[in-house]
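Commentary on secondary and tertiary structure
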Amino acid sequence: MDAQIKLSVVASDIFGVSGRAMLAALIAGERDPKVLAQLARARMRAKLSLLEEAFTGHFSDQHAFLLAKMLGRVDALDADLAELDAKLAELITPFAHAVDRLDEIPGVGQLAAHLLVAELGADMTRFPTAGHLVSWAKFAPGVSESAGNPKGSGSTGHGNPYLARVLGEVAVAAGKTDTFLGERYRRIARRRGKRRAIVAVGRSILVIVWHLLSDPEAHFHDLGAGFYDTRIGPERAKRNHIRQLEALGYKVTLDPAA
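Everything in this summary refers to the structure shown in the same document. Treat the numbers as computed from the prediction; the structure is a model and nothing was measured. Throughout, residues of each chain are indexed from 1 in the direction in which the sequence is written. In view of the model being predicted, local features appear only for residues whose pLDDT reaches at least 70, and side-chain atom pairs are presented and counted only at 80 or more, with totals across whole chains, interfaces and linings using the full set of residues. To obtain the side-chain values, all non-hydrogen atoms of the structure were used and water was disregarded.

1. Focus: the layout of surface pockets
We count it as follows: Every definition here rests on a 1 Å grid over the protein atoms only: cavities are sets of points where a 1.4 Å probe fits but cannot get out, pockets are open sets enclosed by protein on both sides within 12 Å along at least five of seven lines, and lining residues have some atom within 4 Å of a point. Grid points are joined across faces, edges and corners, and a volume is the space filled by probe spheres set on the points. Secondary structure elements follow DSSP: runs of H or I no shorter than four residues count as helices, runs of E no shorter than two count as strands, and numbering proceeds from the N terminus. For this classification, Asp, Glu, Lys and Arg are treated as charged, while Ala, Val, Leu, Ile, Met, Phe, Trp, Tyr, Cys and Pro are nonpolar and the rest, including Gly, are polar.
As a volume, the second largest pocket reaches approximately 470 Å³. As for the second largest pocket, its lining consists of 19 residues, and the residues nearest its centre are Met1, Ile5, Leu23, Phe59 and Leu67. Secondary-structure elements contributing two or more residues to the lining of the second largest pocket are α1 (7-10), α2 (17-28) and α5 (61-92). Counting residues per element, the lining of the second largest pocket draws most heavily on α5, at six residues. Looking at the lining of the second largest pocket, its residues break down into 15 nonpolar, two polar and two charged.

Here it is in structure tokens:
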């Protein structure tokens, strides 16, 4: 900013191939905006005129010195992250089979599967049932009664924050899929809000995880987005459709088919 160089305004990733080439040229002493802009690659070449404007400033040798130090720190952090990724890959290798099966669940990718194994482990014998796992993870609403009357808000309480975070992300991702979990998320979100939908779908995912990790031969089988339609009677289905149309502003009158 002090040098009035606005590369980040034009390039979405200044640490990409084009950005790093331009920054390296600045450090090496190149100051001509046209020469710097010509270092652009691929789609960035469509922005040559904008890049020339972005490099029109007052970049001094002091700026070059400071930029070199900053890039050195970025490269060192990247190297540390690569080393950590390699170490994590080594540690997760004994659980590769479990990770691959968890990856079959909608919304769960390799990274989320790694995190689930890291927080839960692969030994489900400590949880006699899926319900015990859900209760331990605090993904089941608490029940509080006094004299037979329900009290409280049904809050789940505070469980493992790292597990809760990954389950929340997975639940939202699953909600965007054309699967049973996706339809479950959308149905609950429409009636009770997204937060409750996240908890409900997160609970369903934990149940699936327990079964997959309890049985090494088990694999995920999707019930399909139309599962609910096959489980409700025709009268209930009719009421649901009428309610949905009325919510859209239609007045519904049904005439039995001949």
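From this point on, the discussion continues.
2. Side note on unusual backbone geometry
Quick note on the threshold: Each residue is assigned to one of three classes by its accessible area relative to the maximum for its type, calculated with a 1.4 Å probe on protein chains only: buried under 20%, partly exposed between the two thresholds, exposed over 50%.
Residue Ala42 is not a glycine yet carries a positive backbone phi of 50 degrees. The residue Ala42 is located in the loop between α3 (33-37) and α4 (48-54) in this model. The class of Ala42 is exposed, set by a relative accessible area of 69%. The phi torsion at Lys138 lies on the positive side, around 60 degrees, for a residue other than glycine. Secondary-structure assignment places Lys138 in the loop between α8 (130-136) and β1 (144-146). You can call Lys138 partly exposed: its relative accessible area is 32%.

3. Focus on the packing of helix α7 (residues 110-120) against helix α9 (residues 161-174)
Our working definition: Here, axes are lines fitted to C-alpha atoms. For helices the fit covers the stretch in contact, and angles between N-to-C directions go from 0 to 180 degrees. Our angle categories are set so that under 35 degrees counts as roughly parallel, over 145 as roughly antiparallel, 65 to 115 as roughly perpendicular, and the remainder as oblique. Take the far helix as your reference; a near helix turned counterclockwise from it by less than a right angle gives a left-handed crossing, and one turned clockwise gives a right-handed crossing. Any two residues whose heavy atoms approach within 4.5 Å at even a single point are treated as in contact.
At their nearest, the axes of α7 and α9 sit 10 Å apart, and the two run at 150 degrees to each other. Of the possible angle classes, the one that applies to α7 and α9 is roughly antiparallel. Note that α7 runs across α9; the crossing there is left-handed. Taken together, the residues of α9 that come into contact with α7 (itself represented by Ala112, Leu115, Leu116, Glu119 and Leu120) are Tyr162, Leu163, Val166, Leu167 and Val170. A breakdown of the residues in the contact of α7 with α9 according to their chemical character gives nine nonpolar, no polar and one charged.

4. Topic: the environment of Arg203
Looking at the secondary structure, you find Arg203 in helix α11 (residues 194-214). Since its relative accessible area comes to 36%, Arg203 is described here as partly exposed. A sequence separation of 36 residues divides Arg203 from Leu167, and the C-alpha atoms of the two residues are 8.5 Å apart.

5. Focus on the nonpolar core
The line we're drawing: What makes a nonpolar core is a set of buried Ala, Val, Leu, Ile, Met, Phe, Trp, Tyr and Cys residues whose side-chain atoms join them at distances within 4.5 Å.
Counting 42 residues, the largest nonpolar core has Leu102, Ile105, Leu116, Leu181, Leu206 and Val209 as its most contacted members. Elements with a minimum of two residues in this core: α6 (96-102), α7, α8, α9, α10 (180-192) and α11. Examining the composition of this core, we find that ten residues originate from one element, α11, more than from any other. In contact with Leu102, not counting residues within four places along its chain, are Val108, Ala113, Leu116, Val117, Val209, Leu212 and Leu213. Of all hydrophobic cores here, the second largest spans 21 residues; its members include Met44, Ala54, Phe55 and Leu67.

6. Focus: α11
Let me state the cut-off plainly: Take the number of residues in a helix, subtract one, and multiply by 1.5 Å to get its expected span.
Over its 21 residues, α11 runs 30 Å from end to end, which matches the ideal 30 Å to within 8%, given 1.5 Å per residue. Elements in contact with the buried residues of α11: α6, α7, α8, α9 and α10.

7. Comments concerning the side chain of Ser204
Mapped onto the fold, Ser204 is located in helix α11. On the basis of relative accessible area, Ser204 is assigned to the buried category, the value being 15%. Residue contacts for Ser204: discarding those within four places in its chain leaves Leu181 and Arg184.

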